Amino acid sequence: MESIQDHLEKLMSQSDVGERYRSIMKNYVFTDPDVKQFISENRESLDNDAIIKSASKLYEYVNEKKKFAAKNGGLVPGYYPKLIINNNRVEIEYVPSKEEITRVQNNAINNRIQSFFMPKDIREADLGTIDKTDSRTEAILKGYDFVSEYKNDPQGFHKGLYLHGSFGVGKTYLLGAIAKELSENGIQTTLVHFPTFAVEMKNSIGDNTTAEKLDVFKKAEILMLDDIGADTMSSWIRDDVLGVILQYRMQEQLSTFFSSNFDMKQLEKEHLKVSQRGEVEPLKASRIMERIKYLSNEIEMSGRNRRLTN
Ligand code: ADP
Ligand code: MG
(Lines give C-alpha, C1' and ligand atoms only; values in the text may rest on other atoms or scores of the structure.)
(Ligands and ions follow the chains in the order given, each with its own letter.)
Protein backbone atom coordinates (compact mmCIF):
# COMPACT_ATOMS: atom_id res chain seq x y z
CA MET A 1 0.00 0.00 0.00
CA GLU A 2 1.15 3.50 -0.80
CA SER A 3 2.51 5.38 2.23
CA ILE A 4 0.94 8.62 3.36
CA GLN A 5 4.12 10.45 2.59
CA ASP A 6 4.25 9.09 -0.95
CA HIS A 7 0.62 9.91 -1.44
CA LEU A 8 1.10 13.49 -0.28
CA GLU A 9 4.12 13.93 -2.49
CA LYS A 10 2.25 12.61 -5.48
CA LEU A 11 -0.60 14.99 -4.83
CA MET A 12 1.80 17.88 -4.68
CA SER A 13 3.49 16.93 -7.93
CA GLN A 14 0.10 16.81 -9.62
CA SER A 15 -0.91 20.26 -8.40
CA ASP A 16 0.28 23.35 -10.19
CA VAL A 17 2.35 24.80 -7.35
CA GLY A 18 5.89 26.03 -7.88
CA GLU A 19 8.92 23.82 -7.58
CA ARG A 20 10.23 25.53 -4.45
CA TYR A 21 6.93 25.09 -2.67
CA ARG A 22 6.74 21.47 -3.71
CA SER A 23 10.21 20.84 -2.38
CA ILE A 24 9.44 22.49 0.99
CA MET A 25 6.32 20.40 1.35
CA LYS A 26 8.15 17.25 0.44
CA ASN A 27 11.19 17.68 2.66
CA TYR A 28 9.84 19.68 5.51
CA VAL A 29 6.12 19.09 5.95
CA PHE A 30 5.32 15.59 4.70
CA THR A 31 8.20 14.08 6.62
CA ASP A 32 6.79 15.38 9.89
CA PRO A 33 5.50 12.44 11.96
CA ASP A 34 2.58 14.42 13.45
CA VAL A 35 1.46 15.57 10.00
CA LYS A 36 1.62 12.02 8.67
CA GLN A 37 -0.30 10.65 11.60
CA PHE A 38 -2.94 13.35 11.37
CA ILE A 39 -3.53 12.80 7.66
CA SER A 40 -3.73 9.05 8.02
CA GLU A 41 -6.20 9.33 10.89
CA ASN A 42 -8.40 11.74 8.96
CA ARG A 43 -8.24 10.37 5.46
CA GLU A 44 -11.92 9.87 5.31
CA SER A 45 -12.77 13.51 5.89
CA LEU A 46 -10.01 14.87 3.66
CA ASP A 47 -10.17 14.34 -0.07
CA ASN A 48 -7.19 15.05 -2.31
CA ASP A 49 -8.36 18.52 -3.14
CA ALA A 50 -8.74 19.34 0.55
CA ILE A 51 -5.22 18.15 1.27
CA ILE A 52 -3.76 20.34 -1.45
CA LYS A 53 -5.74 23.33 -0.24
CA SER A 54 -4.65 22.64 3.33
CA ALA A 55 -0.98 22.38 2.49
CA SER A 56 -0.17 25.88 3.67
CA LYS A 57 -1.86 25.12 7.01
CA LEU A 58 0.26 22.02 7.37
CA TYR A 59 3.31 24.12 6.66
CA GLU A 60 2.29 26.70 9.25
CA TYR A 61 1.69 23.89 11.72
CA VAL A 62 5.17 22.44 11.33
CA ASN A 63 6.72 25.89 11.60
CA GLU A 64 4.78 26.83 14.70
CA LYS A 65 5.49 23.51 16.32
CA LYS A 66 9.23 24.08 15.88
CA LYS A 67 8.99 27.60 17.26
CA PHE A 68 7.05 26.32 20.24
CA ALA A 69 9.64 23.61 20.92
CA ALA A 70 12.43 26.19 20.67
CA LYS A 71 10.37 28.63 22.79
CA ASN A 72 11.07 31.18 20.14
CA GLY A 73 8.63 33.64 18.61
CA GLY A 74 5.53 31.53 18.02
CA LEU A 75 2.32 33.17 16.80
CA VAL A 76 0.71 32.77 20.20
CA PRO A 77 3.44 32.51 22.84
CA GLY A 78 2.84 29.76 25.38
CA TYR A 79 0.37 27.97 23.06
CA TYR A 80 1.21 24.96 20.94
CA PRO A 81 -0.41 24.22 17.58
CA LYS A 82 -2.74 21.30 17.07
CA LEU A 83 -4.18 20.10 13.76
CA ILE A 84 -7.95 19.80 13.54
CA ILE A 85 -10.52 19.28 10.81
CA ASN A 86 -13.04 22.02 10.24
CA ASN A 87 -15.48 21.92 7.31
CA ASN A 88 -13.39 19.25 5.63
CA ARG A 89 -10.35 21.43 5.76
CA VAL A 90 -7.27 21.32 7.91
CA GLU A 91 -7.12 24.05 10.52
CA ILE A 92 -4.79 24.85 13.35
CA GLU A 93 -5.98 25.22 16.88
CA TYR A 94 -3.69 26.82 19.44
CA VAL A 95 -3.75 25.08 22.79
CA PRO A 96 -2.26 26.55 25.97
CA SER A 97 0.68 24.53 27.24
CA LYS A 98 0.83 23.24 30.82
CA GLU A 99 3.39 25.92 31.64
CA GLU A 100 1.13 28.60 30.22
CA ILE A 101 -1.83 27.37 32.26
CA THR A 102 0.29 27.39 35.42
CA ARG A 103 1.59 30.84 34.59
CA VAL A 104 -1.90 32.26 34.11
CA GLN A 105 -3.11 30.62 37.31
CA ASN A 106 -0.16 31.98 39.26
CA ASN A 107 -0.82 35.44 37.91
CA ALA A 108 -4.42 35.23 39.06
CA ILE A 109 -3.22 34.11 42.48
CA ASN A 110 -0.69 36.91 42.76
CA ASN A 111 -3.28 39.41 41.67
CA ARG A 112 -5.34 38.46 44.67
CA ILE A 113 -2.49 39.43 46.98
CA GLN A 114 -2.00 43.13 47.11
CA SER A 115 1.18 43.87 48.95
CA PHE A 116 2.54 47.22 49.93
CA PHE A 117 6.16 47.76 50.94
CA MET A 118 6.66 44.05 51.64
CA PRO A 119 9.89 42.11 50.99
CA LYS A 120 9.88 40.10 47.77
CA ASP A 121 10.56 36.71 49.32
CA ILE A 122 7.16 36.57 50.99
CA ARG A 123 5.75 35.90 47.55
CA GLU A 124 7.43 32.52 47.69
CA ALA A 125 5.90 31.70 51.06
CA ASP A 126 3.62 28.69 50.92
CA LEU A 127 1.73 26.91 53.69
CA GLY A 128 2.18 23.60 51.91
CA THR A 129 5.96 23.70 52.01
CA ILE A 130 6.47 25.80 55.12
CA ASP A 131 8.90 24.29 57.63
CA LYS A 132 6.75 22.84 60.40
CA THR A 133 9.45 21.36 62.60
CA ASP A 134 9.25 23.47 65.72
CA SER A 135 7.13 25.75 67.83
CA ARG A 136 5.87 27.57 64.77
CA THR A 137 3.56 24.65 64.13
CA GLU A 138 0.74 25.95 66.29
CA ALA A 139 0.68 29.26 64.43
CA ILE A 140 0.74 27.44 61.11
CA LEU A 141 -2.18 25.23 62.15
CA LYS A 142 -4.12 28.31 63.25
CA GLY A 143 -3.39 29.75 59.83
CA TYR A 144 -4.85 26.66 58.18
CA ASP A 145 -7.90 26.81 60.45
CA PHE A 146 -8.50 30.40 59.48
CA VAL A 147 -8.37 29.62 55.77
CA SER A 148 -10.79 26.71 56.01
CA GLU A 149 -13.22 28.58 58.26
CA TYR A 150 -13.16 31.61 56.02
CA LYS A 151 -13.66 29.46 52.94
CA ASN A 152 -16.64 27.71 54.49
CA ASP A 153 -18.32 30.92 55.54
CA PRO A 154 -16.95 33.97 53.73
CA GLN A 155 -19.79 36.18 54.97
CA GLY A 156 -19.26 35.43 58.65
CA PHE A 157 -16.80 37.15 60.97
CA HIS A 158 -13.50 35.34 61.45
CA LYS A 159 -10.89 36.62 63.82
CA GLY A 160 -7.46 36.96 62.32
CA LEU A 161 -4.20 36.17 64.08
CA TYR A 162 -1.96 38.45 66.08
CA LEU A 163 1.44 36.81 65.59
CA HIS A 164 4.13 37.89 67.96
CA GLY A 165 7.64 36.71 68.55
CA SER A 166 11.16 37.89 68.16
CA PHE A 167 12.82 39.10 65.02
CA GLY A 168 13.37 36.44 62.36
CA VAL A 169 11.09 33.66 63.62
CA GLY A 170 9.03 33.81 60.45
CA LYS A 171 6.01 35.96 61.25
CA THR A 172 6.04 37.84 57.98
CA TYR A 173 6.67 34.64 56.10
CA LEU A 174 3.67 32.97 57.70
CA LEU A 175 1.43 35.93 56.84
CA GLY A 176 2.58 35.61 53.23
CA ALA A 177 1.86 31.87 53.23
CA ILE A 178 -1.65 32.42 54.61
CA ALA A 179 -2.27 35.12 52.00
CA LYS A 180 -1.19 32.71 49.28
CA GLU A 181 -3.45 29.95 50.57
CA LEU A 182 -6.35 32.42 50.68
CA SER A 183 -5.64 33.65 47.18
CA GLU A 184 -5.67 30.09 45.87
CA ASN A 185 -9.19 29.92 47.20
CA GLY A 186 -10.17 33.12 45.42
CA ILE A 187 -9.91 35.34 48.50
CA GLN A 188 -8.27 38.73 48.26
CA THR A 189 -5.66 39.77 50.83
CA THR A 190 -3.94 43.09 51.38
CA LEU A 191 -0.57 42.85 53.10
CA VAL A 192 1.22 45.93 54.29
CA HIS A 193 4.43 46.70 56.14
CA PHE A 194 3.00 48.96 58.79
CA PRO A 195 6.00 51.23 59.56
CA THR A 196 6.50 52.12 55.89
CA PHE A 197 2.78 52.51 55.44
CA ALA A 198 2.74 55.01 58.33
CA VAL A 199 5.39 57.13 56.59
CA GLU A 200 3.46 56.98 53.31
CA MET A 201 0.28 58.06 55.05
CA LYS A 202 2.08 61.02 56.55
CA ASN A 203 3.31 61.98 53.09
CA SER A 204 -0.18 61.64 51.68
CA ILE A 205 -1.28 64.68 53.65
CA GLY A 206 0.79 66.83 51.30
CA ASP A 207 -1.04 65.67 48.18
CA ASN A 208 -4.46 65.26 49.76
CA THR A 209 -4.70 61.54 49.15
CA THR A 210 -5.02 60.44 52.78
CA ALA A 211 -8.69 59.51 52.68
CA GLU A 212 -8.35 57.66 49.41
CA LYS A 213 -5.34 55.67 50.65
CA LEU A 214 -6.99 54.95 53.97
CA ASP A 215 -9.98 53.53 52.15
CA VAL A 216 -7.92 50.78 50.51
CA PHE A 217 -6.92 49.44 53.91
CA LYS A 218 -10.21 50.06 55.67
CA LYS A 219 -12.11 48.10 53.08
CA ALA A 220 -9.68 45.34 52.13
CA GLU A 221 -11.36 41.93 52.20
CA ILE A 222 -8.58 40.62 54.42
CA LEU A 223 -5.98 42.98 55.84
CA MET A 224 -2.60 42.01 57.27
CA LEU A 225 -0.64 44.67 59.13
CA ASP A 226 2.93 43.48 59.36
CA ASP A 227 5.42 44.64 61.98
CA ILE A 228 3.14 46.82 64.00
CA GLY A 229 5.07 48.51 66.79
CA ALA A 230 8.41 48.43 64.98
CA ASP A 231 8.63 52.23 64.86
CA THR A 232 7.24 54.80 67.24
CA MET A 233 3.90 56.08 66.06
CA SER A 234 2.66 59.62 66.11
CA SER A 235 -0.69 60.06 67.79
CA TRP A 236 -2.08 60.94 64.38
CA ILE A 237 -1.04 57.56 62.96
CA ARG A 238 -2.31 55.77 66.05
CA ASP A 239 -5.68 57.47 66.34
CA ASP A 240 -6.54 58.79 62.89
CA VAL A 241 -5.01 56.10 60.73
CA LEU A 242 -4.70 52.83 62.66
CA GLY A 243 -7.67 53.62 64.92
CA VAL A 244 -9.89 54.55 61.98
CA ILE A 245 -8.94 51.45 59.98
CA LEU A 246 -9.58 49.13 62.91
CA GLN A 247 -12.85 50.80 63.89
CA TYR A 248 -14.19 50.37 60.38
CA ARG A 249 -13.06 46.75 60.16
CA MET A 250 -14.67 45.97 63.50
CA GLN A 251 -17.97 47.48 62.42
CA GLU A 252 -17.89 45.72 59.09
CA GLN A 253 -16.57 42.48 60.60
CA LEU A 254 -13.61 42.26 58.26
CA SER A 255 -10.80 39.84 59.07
CA THR A 256 -7.55 41.46 60.11
CA PHE A 257 -4.11 40.03 60.95
CA PHE A 258 -1.19 41.59 62.78
CA SER A 259 2.41 40.72 63.31
CA SER A 260 4.61 42.31 65.92
CA ASN A 261 7.76 41.83 67.96
CA PHE A 262 5.59 42.75 70.96
CA ASP A 263 2.85 40.70 72.54
CA MET A 264 -0.48 42.47 72.95
CA LYS A 265 0.25 43.65 76.45
CA GLN A 266 3.64 45.07 75.56
CA LEU A 267 2.24 46.71 72.48
CA GLU A 268 -0.32 48.53 74.57
CA LYS A 269 1.87 49.46 77.52
CA GLU A 270 5.19 50.07 75.84
CA HIS A 271 4.22 51.24 72.44
CA LEU A 272 0.74 52.60 71.91
CA LYS A 273 0.61 54.38 75.24
CA VAL A 274 3.52 56.70 74.61
CA SER A 275 3.33 58.94 71.59
CA GLN A 276 6.29 60.05 69.51
CA ARG A 277 6.33 63.30 71.47
CA GLY A 278 6.51 61.44 74.75
CA GLU A 279 2.92 62.08 75.83
CA VAL A 280 1.46 59.25 77.90
CA GLU A 281 -2.06 58.40 76.74
CA PRO A 282 -3.24 55.16 78.36
CA LEU A 283 -6.89 55.59 77.36
CA LYS A 284 -6.13 56.01 73.70
CA ALA A 285 -3.78 53.03 73.84
CA SER A 286 -6.41 50.83 75.42
CA ARG A 287 -9.02 51.87 72.86
CA ILE A 288 -6.75 50.70 70.05
CA MET A 289 -5.91 47.54 71.93
CA GLU A 290 -9.60 46.69 72.39
CA ARG A 291 -10.04 46.83 68.64
CA ILE A 292 -6.98 44.70 67.99
CA LYS A 293 -8.24 42.14 70.50
CA TYR A 294 -11.68 42.14 68.94
CA LEU A 295 -10.20 41.49 65.51
CA SER A 296 -7.53 38.91 66.29
CA ASN A 297 -6.34 36.06 68.46
CA GLU A 298 -2.91 36.40 69.99
CA ILE A 299 -0.45 33.67 69.20
CA GLU A 300 3.21 33.43 70.01
CA MET A 301 5.78 32.24 67.52
CA SER A 302 9.10 31.16 68.88
CA GLY A 303 12.07 29.27 67.52
CA ARG A 304 15.36 30.09 65.97
CA ASN A 305 16.09 33.28 64.15
CA ARG A 306 15.89 32.18 60.54
CA ARG A 307 17.68 35.24 59.31
CA LEU A 308 20.86 34.09 61.02
CA THR A 309 20.83 30.52 59.80
CA ASN A 310 19.41 30.95 56.34
P1 ADP B 1 9.93 37.86 61.09
O2 ADP B 1 8.88 38.53 60.29
O3 ADP B 1 9.40 37.07 62.24
O4 ADP B 1 11.02 38.79 61.53
P5 ADP B 1 10.52 36.57 58.59
O6 ADP B 1 9.18 36.08 58.24
O7 ADP B 1 10.99 37.78 57.88
O8 ADP B 1 10.65 36.78 60.16
O9 ADP B 1 11.53 35.35 58.36
C10 ADP B 1 12.95 35.51 58.41
C11 ADP B 1 13.59 34.79 57.23
O12 ADP B 1 13.36 33.41 57.28
C13 ADP B 1 13.06 35.26 55.90
O14 ADP B 1 14.13 35.33 54.99
C15 ADP B 1 12.07 34.19 55.51
O16 ADP B 1 11.99 34.08 54.09
C17 ADP B 1 12.66 32.95 56.15
N18 ADP B 1 11.58 32.06 56.62
C19 ADP B 1 10.77 32.32 57.65
N20 ADP B 1 9.92 31.31 57.89
C21 ADP B 1 10.24 30.36 57.00
C22 ADP B 1 9.75 29.03 56.75
N23 ADP B 1 8.78 28.52 57.48
N24 ADP B 1 10.29 28.33 55.75
C25 ADP B 1 11.30 28.86 55.02
N26 ADP B 1 11.80 30.09 55.20
C27 ADP B 1 11.30 30.84 56.17
MG1 MG C 1 8.66 40.51 59.77
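In this text, all values refer to a predicted model and were calculated from it rather than measured experimentally.

1. A few points about the site of ligand 1
Around ligand 1 sit 14 residues, and of these Asp121, Gly168, Thr172, Tyr173 and Arg307 come closest. Between ligand 1 and Gly168, the relevant distance is 2.7 Å, taken from an oxygen atom to a main-chain nitrogen or oxygen of the residue. Contact between ligand 1 and Tyr173: an oxygen atom at 2.8 Å from a main-chain N or O atom of the residue. In the complex, the protein chains occlude 84% of the 550 Å² of accessible area that ligand 1 would expose alone. Elements represented by at least two residues in the shell around ligand 1 include exactly α7 (171–184) and α13 (306–309). When residues in the shell around ligand 1 are grouped by element, the largest group, 3 residues, is from α7. Of the residues in the shell around ligand 1, the class split is 4 nonpolar, 5 polar and 5 charged.

2. Observations concerning the packing of aromatic side chains
Two aromatic rings, taken as a pair, are described by how far apart their centres are and by the angle between their planes. Tallied over the entire structure, the rule returns 10 aromatic pairs. Ring centres 5.4 Å apart and planes at 20° place the aromatic pair Phe157 and Tyr294 in the stacked group. Of the two residues, Phe157 is situated in the loop between α6 (137–152) and β4 (160–164) and Tyr294 in helix α12 (residues 282–295); the sequence distance between them amounts to 137 residues. Look at Tyr294 and you get partly exposed, because its relative accessible area is 34%. One aromatic cluster is present, built from ring pairs that chain together Phe116, Phe117, Phe194, Phe197 and Phe217.

3. Structural notes on the sheet that holds strand β8 (residues 296–300)
With parallel pairing, the 6 strands of this open sheet are ordered in space as β3-β5-β6-β7-β4-β8. Bordering the open sheet on either side are β3 (113–116) and β8, each of which pairs with just one other strand. Across the sheet, the mean angle from the axis of one strand to that of its neighbour is 15°, orientation sign disregarded. In terms of strand pairing, β3 meets strand β5 (residues 189–193) through 4 bridges, oriented parallel. Bridge pairing links Ser115 to Leu191 in β5. Where α7 meets the sheet, its contacts fall on β3, β4, β5, β6 (222–226) and β7 (256–260), and the angle it forms with β6 comes to roughly 165°. Strands in contact with helix α11 (residues 264–272) are β4, β7 and β8; relative to β8, the strand with the most contacts, it is inclined by about 100°.

Cut-off values and rules
- Residue numbers run consecutively from 1 along every chain, following the written order of its sequence.
- Naming scheme: in the order in which they are written, chains are lettered from A and ligands are numbered from 1.
- Side-chain atom pairs in this predicted model are given and counted only at pLDDT of 80 or more, local residue features only at pLDDT of at least 70, and totals for whole chains, interfaces and linings cover all residues.
- Only heavy atoms go into the side-chain values, all of them from the structure, while hydrogens and water stay out.
- A molecule or strand has a residue near it when one of that residue's heavy atoms lies within 4 Å.
- For this analysis, a polar contact is any N or O atom pair within 3.5 Å, provided that within protein one partner can donate a hydrogen and the other can accept it, and provided that sequence-adjacent residues contribute only side-chain to side-chain pairs.
- For every accessible area listed, the method is Shrake-Rupley and the probe measures 1.4 Å; residues are considered covered only by the protein chains on display.
- Only runs of H or I of at least four residues qualify as helices and only runs of E of at least two qualify as strands under DSSP, and these elements are numbered from the N terminus.
- Residues are grouped as follows: Ala, Val, Leu, Ile, Met, Phe, Trp, Tyr, Cys and Pro are nonpolar; Asp, Glu, Lys and Arg are charged; all remaining types, including Gly, are polar.
- Two rings from Phe, Tyr or Trp (for Trp, the six-membered ring) form a pair when their centres sit within 6.5 Å of each other. Planes less than 30 degrees apart are called stacked, planes more than 60 degrees apart edge-to-face, and all others tilted.
- Buried residues are those whose accessible area, probed at 1.4 Å on protein chains only, stays under 20% of the maximum for their type, while exposed residues exceed 50% and partly exposed ones sit between those limits.
- Here, strands pair whenever DSSP counts at least two bridges between them.
- Orientation is described by axes fitted as lines to C-alpha atoms, over the contacting stretch for helices, and by angles from 0 to 180 degrees between their N-to-C directions.
- By the convention used here, residues are in contact when the closest approach between their heavy atoms is within 4.5 Å.

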